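For reference, the chains in residue letters:
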Amino acid sequence: MSQLTTPAAATPAAAVPVASARTVKRPGRSRRSPAKSLLLHGTLILASLIALGPIVWVLLSSFKPGYAVQSSDMSLVKDPTLANYSYVLFDTNFPKWLLNSVIVAAFTMLIGIFFSATTGYAVSRFNFPGRRPLMMTFLITQMFPAAILIVPIYTIMARFGLINTLPALIIAYLTIAVPFCAWMLKGYFDSIPTSLDEAAALDGCGPFAIFWRVVLPLARPAIAVTAFYTFLTAWGEVMYASAFIQTDNKFTLAYGLQQFVPQFNPQWEYLTAAAVLVTVPAGVVFMIAQRHLVSGLTAGGTKG
Amino acid sequence: MTTVTADPAPPTPPSGRSARPSRLRRSWEKHWYAWAMVLPVVIVLAVLIFYPLVRGIWISLTNLTEANQAAEICTRSITGGEVCAENPNKWEFIGLDNYVNVLSGNVGDFWQWTAITLIWTLGCVVFHYGLGLGLAVMLNRPMWGRGLYRVLLVLPWAVPAFVSAFAWKFIFNERFGLANSLLTSLGIDPVDWFANQWTSLFTAIVTNIWLGVPFMMVALLGGMQTIPGELYEAAEIDGASAWQRFRNITLPGLRPVSMTVILLGTIWTFNMFPIIFLVTEGQPAGETEILVTGAFRAAFEGIRNYSLASTYGVLILSILLVFSMFYRRALRKQGEVW
């Protein structure tokens, strides 16, 4: 359709060759002067250090005993110990919280991918009545100050008997993640030529089969980003968890680990260990998805 | 749609009366799978976003709090039975009183919080976009170690927000924080970061910039890859400098992506709750509260004031709606984006 005529709507499949072709065709650009090269790498190394610094610092601190964490005398390693970890792992309800978090994050991810993909596809391919209002609604959901309107949401959850259950969290996280992901996926679907759909339709595929067998497999990078985003939304969220979950055995990891540290006079050494333990699974998901991040995240899409 | 199912009339020649149902039916037949695909999302959003919103607007016109929410007050008598009487101080409709109280400054610090929110949002978004764009341009060039840089630079995104908040609070701790020990080693006096409004806000903004740059960078990098390479080749043949290529090809090519991420970034930062709440905690003396955190404290500390919370919620949503309307109008002049 009209997407094919616009040059900006390069297909994702074509976008990659274009990028690599650029590197081959224009050797002039990669032959930069040593000074420029130094500046480029210097800046990037500095930026990487800043990006990595806080993470590494917390990681190093998590192996220090309490007195060394809270001392003004800085050292990278001091009396390394696993005591902080053993406290967090064995003196709290950690395994249970981990399980809860995995359940919540996994379901948020799976349901989130499915709903964002179907919605994104419908919005991208069909010009149905209500399409534009739906897109606007997605934007408005992002403006929703949940911290403040949490009480009406709580009331609804209570009415459905969902308070202190994990599905309450899954549903709440879906409302955060799905609108953005649907929007993002719509942008990616827009970049997949509709001629493919038409060809599949000629072969006798129904609308859903086209979506499921033709478009979805082509959108794998965008699906990977959606998976990453939905997982992370569910994994690190604390506010809804603190509102909807009341008993210790239903805590998610993020909320549970925040709980056992008193609000005043925080025990930094346990917090550092807890922070590392929360971050590791998120980091694993990130490592799986990161290959696709750039090509998959089509914020703004190719056209409206 | 009920008309369609209730009236399964065969396709008779269209009379004036049946024209409407048949149009509905044709629309239904044409679009039912599109609607079916979006239906689950629409239902969930309607129940969990739209309904709370409508209810929030209604509650903001009442004086509902935790203390007066019960319709009846029940007291246990000596015999063990319960005696219930109607609550004399039951919550009621009070019109726009909440809005008057908030906007006139009787309750909370609306204007002060709004000012801080604007500084916070502007500071964060400018640096998010600027740094994100700069890094994306650098990463878009072929060079040694590009993949590694990309992974490292995106890493902050993978860290849950409350963990980053905690990590930076730890770094800015006045006694044993990394920031102060770096300053000391440079011969500068350590700073009590959270004792001054501006240094305190600075810590929060630094945290949020660190947190938000990866998203911008990745989104812009993705946008750059859709710009056809031939444009750059043609420009190079014409002798355009690197700056001219950036200015005349990269920036215009990124326009749709930029417009979206700036809008989203502004909305997200405006409502960014955990960073201010956990890093500065409003210190000193509530001077670094932004609207969401200030409202949260005003409404939920002590006796929970639901009506006040809703009032703030409606005000915040209105500000953002007005902002995005103007933003959209400004964009329309330069061509449609979404």
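Residues numbered from 1 in each chain as written. Chains lettered and ligands numbered in written order. Predicted model: local features only at pLDDT ≥ 70, side-chain atom pairs only at ≥ 80, totals over all residues. Heavy atoms only, no water.

1. Comments concerning the interface of chain B and chain A
Phase 1: At the junction of the two partners, chain B supplies 98 residues and chain A supplies 101 residues.
Phase 2: Taken together, both faces of the contact between chain B and chain A bury some 9100 Å²; the carbon and sulfur share is 78%.
Phase 3: Counting across the interface, chain B meets chain A through 0 salt bridges.
Phase 4: Here chain B and chain A share 7 residue pairs in polar contact (both at pLDDT 80 or more) between them. (Contact = heavy atoms within 4.5 Å. Buried area = accessible area lost by both parts, 1.4 Å probe. Salt bridge = Lys/Arg side-chain N within 4 Å of Asp/Glu carboxyl O. Polar contact = N/O pair within 3.5 Å; in protein donor to acceptor, adjacent residues only side chain to side chain.)

2. Considering the packing of aromatic side chains
Phase 1: The final tally for this structure, using the stated rule, is 32 aromatic pairs over all chains.
Phase 2: Note on F273 of chain B and F296 of chain B: the rings are 5.0 Å apart at their centroids and 70 degrees apart in plane angle, and the pair reads as edge-to-face. Taken together, the positions of F273 of chain B in helix α12 (residues 273–280) and F296 of chain B in helix α13 (residues 291–300) put the pair 23 residues apart, joining distant regions of the chain.
Phase 3: Ring geometry for F277 of chain B against F296 of chain B: centres 5.5 Å apart, planes inclined by 90 degrees, an arrangement best described as edge-to-face. Note that F277 of chain B is positioned in helix α12 and F296 of chain B in helix α13, a separation of 19 residues in sequence.
Phase 4: The class for F277 of chain B is partly exposed, based on a relative accessible area of 23%.
Phase 5: Members of the aromatic cluster, connected to one another through ring pairs, are F180, F228, Y229 and F286 of chain A together with W157, F215 and W268 of chain B.
Phase 6: Lying over the aromatic face of F194 of chain B, K169 of chain B brings its terminal NZ or CZ to 4.5 Å of the ring centre. (Phe/Tyr/Trp six-rings, centres within 6.5 Å; stacked < 30°, edge-to-face > 60°. Helix = DSSP H or I, 4+ residues; strand = E, 2+ residues; numbered from the N terminus. Buried < 20%, exposed > 50% of the residue type's maximum accessible area, 1.4 Å probe, protein only. Lys NZ or Arg CZ within 6 Å of the ring centre and 35° of its normal.)

3. Some points on unusual backbone geometry
Phase 1: If you check the backbone angles, N164 of chain A has positive phi at about 65 degrees while not being a glycine.
Phase 2: Tracing the sequence through the fold places N164 of chain A in the loop between α9 (150–159) and α10 (166–190).

4. A closer look at the UniProt feature "transmembrane region" (unreviewed entry) in chain B
Residues and elements named next belong to chain B.
Phase 1: Those residues carrying the UniProt feature "transmembrane region" (unreviewed entry) are residues 32–54, 110–139, 151–171, 201–221, 257–279 and 306–327 in this numbering.
Phase 2: Annotated as residues 201–221, this span is 100% helix and 0% strand, and its ends, taken at the C-alpha atoms, are 30 Å apart.
Phase 3: For residues 306–327, the end-to-end C-alpha separation is 31 Å, with 100% helix and 0% strand making up the annotated structure. (UniProt positions renumbered as here; feature names shortened; annotations may be inferred.)

5. So, helix α9 (residues 229–237) of chain B
All names here are of chain B.
Phase 1: Within the span of α9, buried status applies to G229, Y232 and A235. What you see down the axis of α9 is that its buried residues fit within an arc of 125 degrees, all on one side.
Phase 2: Phi for G239, located one or two positions after α9, is positive at around 80 degrees. (Arc of directions from axis to C-beta.)

6. Some points on the packing of helix α11 (residues 194–202) of chain A against helix α12 (residues 207–218) of chain A
Residue and element names in this part refer to chain A.
Phase 1: Packing of α11 against α12 brings their axes to within 10 Å, and their N-to-C directions diverge by 150 degrees. The orientation of α11 relative to α12 falls into the category roughly antiparallel. Considering only the axes of α11 and α12, their crossing is right-handed. Counting all contacts with α11, which are made through L196, D197, A200 and A201, the residues of α12 involved are I210, V214, V215 and L218. (Axes fitted to C-alpha atoms, helices over the stretch in contact; angles between N-to-C directions. Parallel < 35°, antiparallel > 145°, perpendicular 65-115°, else oblique. Left-handed = near helix turned anticlockwise from the far one by under 90°.)

7. Looking at the layout of surface pockets
Phase 1: In this structure, the second largest pocket encloses a volume near 810 Å³.
Phase 2: In terms of lining, the second largest pocket is formed by 29 residues, of which the most central are I50 and A51 of chain A together with W168, V206 and W210 of chain B.
Phase 3: Of all the secondary-structure elements, those providing two or more residues to the lining of the second largest pocket are α4 (34–61) of chain A together with α4 (110–139), α5 (146–158), α6 (161–171), α7 (178–185) and α8 (197–225) of chain B.
Phase 4: It is α4 of chain A that contributes the most residues to the lining of the second largest pocket, 8 residues altogether. (1 Å grid on protein atoms, 1.4 Å probe; cavity = no way out; pocket = protein on both sides within 12 Å on 5 of 7 lines; lining within 4 Å. Points joined across faces, edges and corners; volume = space filled by probe spheres on them.)

8. Remarks on helix α8 (residues 131–142) of chain A
All names here are of chain A.
Phase 1: Helix length check: α8 (12 residues) gives 18 Å between terminal C-alpha atoms against 16 Å at 1.5 Å per residue, within 8%.
Phase 2: Those residues of α8 lying buried are R131, L134, M135, F138, L139, T141 and Q142. Projected down its long axis, α8 shows its buried positions confined to an angular sector of 160 degrees, all on one face. (Expected span 1.5 Å × (residues − 1).)

9. Topic: the packing of helix α6 (residues 83–90) of chain A against helix α16 (residues 268–296) of chain A
The description of two packed helices rests on the angle between their axes and on the distance between the axes.
Residues and elements named next belong to chain A.
Phase 1: Their axes nearest at 9 Å, the elements α6 and α16 cross at an angle of 70 degrees. Relative to α16, the element α6 lies roughly perpendicular. For the pair α6 and α16, contact is made by N84, Y85, Y87, V88 and L89 and by E269, Y270, A273, A274, V276 and L277, respectively.

10. Re the pattern of salt bridges
Phase 1: Following the criterion strictly, the structure yields 3 salt bridges over all chains and no others.
Phase 2: The closest approach of N and O atoms between D197 of chain A and R125 of chain A, which form a salt bridge, is 2.7 Å. Of this pair, D197 of chain A sits in helix α11 while R125 of chain A sits in helix α7 (residues 94–125), and the two are 72 residues apart along the sequence. Like R125 of chain A, D197 of chain A is buried.
Phase 3: Between R297 of chain B and E289 of chain B there is a salt bridge, with its nearest N and O atoms 2.6 Å apart. Here R297 of chain B and E289 of chain B have matching classes, each one buried.

11. Regarding the side chain of N100 of chain A
All names here are of chain A.
Phase 1: Relative to the helices and strands, N100 is located in helix α7.
Phase 2: Exposure remark for N100: the relative accessible area of 3% places this residue in the buried category.
Phase 3: A polar contact is formed between the side chain of N100 and the backbone oxygen of F251, at a distance of 2.9 Å.

12. So, the UniProt feature "transmembrane region" (unreviewed entry) in chain A
All names here are of chain A.
Phase 1: When the UniProt feature table is mapped onto this chain numbering, "transmembrane region" (unreviewed entry) sits at residues 38–60, 97–122, 134–156, 168–189 and 270–289.
Phase 2: The span residues 38–60 is 100% helical and 0% strand by assignment, and the distance between its end C-alpha atoms comes to 30 Å.
Phase 3: In residues 168–189, the share of helix is 100% and the share of strand is 0%. The end C-alpha atoms are 30 Å apart.

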